[in-house]
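For reference, the chains in residue letters:
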Amino acid sequence: MSRTVADLLWEMLANAGVKRCYGIVGDALNPVVDALRRNGKIEFILVRNEEYGALAAVAEAYFTGNPVVVCGTCGPGVTHLFNGLMDARKEGAPVIAIAGDVESSLIDTSTIEELNPYKFFEAASLYTARVVNPGQARAVITTAILTAVLEKGPTVLSIPGDVASSPVPDQSAKINIPAPAVLRPSNSDLDKLVRMIDEAKSVAIFGGDGCREGRDDVVQLARKLKAPVGYAFRGKQWLEHENPNAVGMTGLLGYGGAYDAIHEAELLLMLGTDFPFSEFLPGSSVKKIQIDKNPKHIGRRTTVDLGLVGDIKSTVTDLLQAVHEKTDTTFLDKQIERTKSFHQLLQHYVQKGPGIKPIRPEFLAATLSELASDDAMFFADTGTACIWLARHINGGSNRRLFGSFSWASMANAAPNAFGSALAYPGRQCIALCGDGGFTMLGMGDLLTQVERKTPVIQVILNNEKFDFVHIEQQEAGIIPFGVEFKNPNFAKVAEAMGAKGIRIEEPGHVRDGIAEALAYKRGPVVIDAVVDPLALAMPAHSPFHTAKGFTLSFAKQVLSGRLDSVIETIERNVGIV
């Protein structure tokens with residue numbers, strides 16, 4: 001059999017470091033998958049839903065830095081990939097999608113399952129190519145690979161089945177991926193930066209995911225400048241642990257002294273963050289400097305006095321050599337003390353948790369954090385799971401925290417954990433799942449985990465409602481509506497599917513239940529934790545409109561005959577912060 005376009009595709013992907021392809025086979029994709037079988041160097045992960053596979057690929061690609069492939073056949077199969085690709089774009093994960101396409105002779109005839117890949121993937125893909133001729137294959141495959149790896153995001157190759165099975169010209173499958181370029185501001189801009197820092201009496205740092213590679217340099221800079229370090233959610237796993245200057249997060253998930261630190265400093269350094277909640281960032285009373293490798297991020301969330309384009313590691317490395325060390329610790333000490341006080345408040349429901357039923361999610365998350373290994377990987381569904389991850393799951397030099405933090409997709413935690421478990425065998429991969437998210441996407445592909453005996457631990461926050469939406473509606477000042485539903489016993493469902501199921505209803509069983517799950521290595525585990533549906537978590541700083549919204553919502557609920565519910569909510573959250 002002569003070498004085909006699909007053969008060349010998999011040879012090049014394997015040479016680029018691809019280890020796995022997640023997806024579902026079918027019609028237009030069959031020639032591509034048959035070539036994958038013949039190649040034998042890339043593992044095919046058959047999933048029940050293409051979106052699950054795409055979200056698994058996002059986590060694997062984000063943490064390993066290697067490209068990961070997802071695939072779906074033309075039309076409906078391709079559309080299931082979209083949400084995961086959007087997540088890959090927002091989180092910066094090198095994912096390459098292979099989309100089945102209708103036969104080349106039928107393109108633009110509106111035949112069954114035909115979809116225009118250029119229009120459909122425009123928002124999600126950094127580069128989209130439709131392979132309609134074997135002669136273009138090597139060029140577009142190369143471009144898709146290099147774009148995904150170097151620009152850290154998703155790309156799409158749409159391939160008709162007849163083109164995939166066509167003989168390919170004698171083309172090399174070699175692919176050279178250069179190391180990322182060093183990007184730093186010009187000398188003149190760096191001089192301005194140094195001058196502004198040296199002239200400021202107090203400096204605060206607010207960092208994001210862009211600090212990933214330069215984490216140690218940022219911590220060293222903070223020590224030199226006596227600067228408190230706050231962080232966005234995506235920066236928590238890099239900047240919180242082993243950082244004496246850490247003061248927590250701001251925003252609706254916020255805790256600690258971060259809000260006060262960035263608002264009371266004379267100068268704020270925003271490092272590698274595109275934090276989207278502008279109302280939590282300071283105004284003109286604080287001078288602001290933003291450094292980011294993506295120029296589109298500069299100044300779009302808040303006005304800045306100096307915007308610099310550069311990667312954080314190389315920029316801060318040079319900055320460390322140039323700035324003068326500050327000696328006054330008054331400002332730093334004040335923010336650290338605020339952070340300590342807030343952390344004491346956060347322990348209210350952790351310490352009282354063993355005696356409170358229904359189970360407080362704070363107690364559940366804190367116990368999970370305590371018992372998990374030092375190199376555990378944690379994943380949170382969008383919703384209140386993010387609150388408990390942010391506030392009660394402690395990071396560490398070898399721990400990892402991940403979620404759909406920028407795209408905010410539902411149901412990401414279980415597939416994220418699955419992809420990471422395949423990439424990092426032996427490490428604990430723990431998904432904090434909302435009950436809505438798990439039933440949306442996680443439950444079906446629990447079968448995939450069972451088949452592969454993948455030891456993923458899924459902790460379901462079973463409160464029988466879309467809890468975060470419930471809170472959002474209260475913040476907006478409206479009566480919660482359309483957020484409640486009924487759940488099965490997830491532990492029994494898991495057992496019926498071949499997984500290990502653990503149901504926890506009593507707070508006294510939390511510790512033993514989690515320990516049992518963490519010790520199980522023969523396959524996936526589902527912890528069905530029945531948690532308090534009325535648990536709330538207010539940020540360290542609540543904007544006026546948030547407090548006003550809650551007050552208005554409670555008033556409306558009282559007037560509509562829900563006084564008992566309002567009283568119960570207040571009673572359940574006596575120690576709320």
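Preceding block: the structure.
Each chain carries its own residue numbering, running from 1 in the direction its sequence is written. Note on the predicted model: pLDDT of at least 70 is required for a residue's local features to be given, and 80 or more for side-chain atom pairs to be given and counted; whole-chain, interface and lining totals, by contrast, use all residues. Heavy atoms from the whole structure form the basis of all side-chain values; hydrogens and water molecules are not counted.

### Remarks on the overall build of the protein chain
Next, step 1: Starting at the N terminus, helices and strands are each numbered in turn, a helix being any DSSP run of H or I of at least four residues and a strand any DSSP run of E of at least two. The number of helices and strands found in the protein chain is 25 helices and 19 strands.
Next, step 2: Taken over C-alpha atoms, the radius of gyration is set against a globule rule of 2.2 Å times the number of residues to the power 0.38. Against the globule reference of 25 Å for 577 residues, the protein chain gives a C-alpha radius of gyration of 25 Å, in line with a compact fold.
Next, step 3: Each principal axis of the C-alpha atoms in the protein chain carries an extent, and together these give about 75 × 65 × 45 Å.
Next, step 4: For every residue, the accessible area (1.4 Å probe, protein chains only) is compared with the maximum for its type, and the residue is labelled buried under 20%, exposed over 50%, or partly exposed between those bounds. Looking at the protein chain as a whole, 58% of its 577 residues are labelled buried.
Next, step 5: Here a residue-residue contact requires only that any non-hydrogen atoms of the pair lie within 4.5 Å. Sequence separation of 24 or more characterises 75% of the internal contacts of the protein chain that already satisfy a separation of 6 or more.
Next, step 6: Per element, the accessible surface of the protein chain, about 22800 Å² overall, is 52% carbon and sulfur. The method behind every accessible area is Shrake-Rupley, applied with a 1.4 Å probe, and residues are considered shielded solely by the protein chains displayed.

### Description of the pattern of salt bridges
Next, step 1: In what follows, salt bridge is the name for a side-chain nitrogen of Lys or Arg lying within 4 Å of a carboxyl oxygen of Asp or Glu. Inspection of the entire model under this criterion finds 32 salt bridges.
Next, step 2: Taking the shortest distance from any N to any O, the salt bridge between Lys313 and Asp217 comes out at 3.2 Å. With Lys313 in helix α13 (residues 312–322) and Asp217 in helix α10 (residues 215–225), the pair connects residues that are 96 residues apart, well separated along the chain.
Next, step 3: Among the residues examined, Asp217 registers a relative accessible area of 11% and is labelled buried.
Next, step 4: Lys334 is the salt-bridge partner of Glu264, the closest N and O atoms lying 3.5 Å from each other. Residue Glu264 is found in helix α12 (residues 258–264), and its partner Lys334 is found in helix α14 (residues 330–346); the two are separated by 70 residues along the sequence.

### Some remarks on the environment of Lys352
Next, step 1: Note that Lys352 resides in the loop between α15 (348–351) and α16 (361–371).
Next, step 2: Its relative accessible area of 48% is what places Lys352 among the partly exposed residues.
Next, step 3: Placed 117 residues apart in sequence, Lys352 and Gly235 show a C-alpha to C-alpha distance of 30 Å.

### A word on the pairing of strand β12 (residues 287–292)
Next, step 1: With respect to burial, β12 is a largely interior element, five of its six residues being buried.
Next, step 2: If DSSP finds at least two bridges between two strands, the strands pair. Here strand β11 (residues 267–271) pairs with β12 via five bridges, running parallel. The residue of β12 that forms the bridge with Leu271 is Ile291.
Next, step 3: The sheet contact formed by β12 and strand β13 (residues 306–309) spans four bridges and is parallel. Looking across to β13, one finds that Ile291 is bridged to Leu308.

### What about the sheet that holds strand β16 (residues 429–434)?
Next, step 1: A sheet is described by the order of its strands in space; here six strands give the open sequence β15-β14-β16-β17-β19-β18, paired in parallel fashion. Each edge of the open sheet is held by one strand with a lone partner, namely β15 (400–403) and β18 (500–504). Across the sheet, the mean angle separating the axes of adjacent strands is 20 degrees when strand polarity is ignored.
Next, step 2: Here six bridges tie strand β17 (residues 456–462) to strand β19 (residues 525–530), and the two strands are oriented parallel to one another. Residue pairing in the sheet places Asn462 in a bridge with Val530 of β19. Under this scheme, a helix contributes an axis fitted over its contacting stretch, all axes are lines through C-alpha atoms, and angles between N-to-C directions fall in the 0 to 180 degree range.

### Notes on the packing of aromatic side chains
Next, step 1: Note on aromatic pairs: the rings of Phe, Tyr and Trp (six-membered ring only in Trp) are paired at centre separations within 6.5 Å, and the planes decide the class, stacked below 30 degrees, edge-to-face beyond 60, tilted for the rest. Counted under the stated rule, the structure contains 15 aromatic pairs.
Next, step 2: For the ring pair Tyr52 and Phe418, a centre distance of 5.9 Å and an interplane angle of 45 degrees mean the geometry is tilted. Separated by 366 residues along the polypeptide, Tyr52 in helix α3 (residues 50–64) and Phe418 in helix α18 (residues 413–423) bring together distant segments of the chain.
Next, step 3: An angle of 85 degrees between the planes, with centres 5.8 Å apart, marks the rings of Phe438 and Phe490 as edge-to-face.

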